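Analysis of the macromolecular model
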Amino acid sequence: MTQKAHAAYGTALMRKNEEGVFVAVAELRDISGPSMEKDEIDVTTHDSPDGYREFIGGLKNPGEVEAEINFLFENETHMQAIDDFDSRENVLYRLVFPDAEAIEDRSYFEFHTTLLSFEFTAELEDAIVASLTWKVSGKPELVVGGSGEPSDYEESGTGGTE
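Residues numbered from 1 in each chain as written. Predicted model: local features only at pLDDT ≥ 70, side-chain atom pairs only at ≥ 80, totals over all residues. Heavy atoms only, no water.

A few words now on the environment of Arg-106. With respect to the helices and strands, the residue Arg-106 is situated in the loop between β7 (91–96) and β8 (108–121). Using a relative accessible area of 11% as the deciding quantity, one classes Arg-106 as buried. Expressed as a C-alpha distance, the spacing of Arg-106 and Pro-49, which sit 57 residues apart in the sequence, is 47 Å. From its side chain, Arg-106 meets the backbone oxygen of Ala-100 in a polar contact 2.9 Å long. (Helix = DSSP H or I, 4+ residues; strand = E, 2+ residues; numbered from the N terminus. Buried < 20%, exposed > 50% of the residue type's maximum accessible area, 1.4 Å probe, protein only. Polar contact = N/O pair within 3.5 Å; in protein donor to acceptor, adjacent residues only side chain to side chain.)

To continue, consider the nonpolar core. Soluble globular proteins: nonpolar side chains tend toward being buried together. With 18 residues, the main nonpolar core has Tyr-93, Phe-111, Phe-118, Leu-132 and Trp-134 as its most contacted residues. Taken together, the elements giving at least two residues each to this core come down to β6 (64–70), β7, β8 and β9 (129–143). Setting aside chain neighbours within four positions, we find Phe-118 in contact with Phe-71, His-78, Ala-81, Ile-82, Ala-130, Ser-131 and Leu-132. By size, the runner-up hydrophobic cluster in this structure holds 10 residues, among which are Met-14, Ala-24, Ile-103 and Val-143. (Core = buried A, V, L, I, M, F, W, Y, C linked by side-chain atoms within 4.5 Å. Contact = heavy atoms within 4.5 Å.)

A few words on the packing of aromatic side chains. Taken as a whole and assessed by the stated rule, the structure comprises seven aromatic pairs. Plain terms: the ring middles of Tyr-93 and Phe-111 are 6.4 Å apart, the flat faces sit at 10 degrees to each other, and that makes the pair stacked. Of this pair, Tyr-93 sits in strand β7 while Phe-111 sits in strand β8; the two residues are 18 residues apart in sequence, bridging distant segments of the chain. Classification of Tyr-93 as buried rests on a relative accessible area of 3%. A relative accessible area of 2% places Phe-111 in the buried class. One Lys or Arg, Arg-94, reaches over the ring of Tyr-108 and ends 4.2 Å from the middle of that ring. (Phe/Tyr/Trp six-rings, centres within 6.5 Å; stacked < 30°, edge-to-face > 60°. Lys NZ or Arg CZ within 6 Å of the ring centre and 35° of its normal.)

Given below as structure tokens:
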């Protein structure tokens, strides 16, 4: 049987800009998240069956998104990330998966987030890398099969700068 898994290659992290267009963060190396969790509430009583603890779900934490990029000092999307770190405002992002040919047909997570950390690494035998961590605010929405228009995206990953 042929497997139906999708390769991660081609995954994009996209930030909605002031014009309402999602722009790909350039030179994305690795990404993970959102790392969602739910609190547990212990509802065990003295008459719980067979002496086993009982639990129900509590509040949900939308978690974090972590990414590593080859940092480019002249790139608009990377400089925007530094501006986002200085801001207290949440920003709308999409984590777009390569499960379809046309970007507007791809599945994605959409979430509001604030940039919590921005760390540079300049190892001797590697590129200058930045590790970024965003805190997701509110419920992330998973959209399967896309629902956007081609004009909603700028796929180049250059952010308008080469």
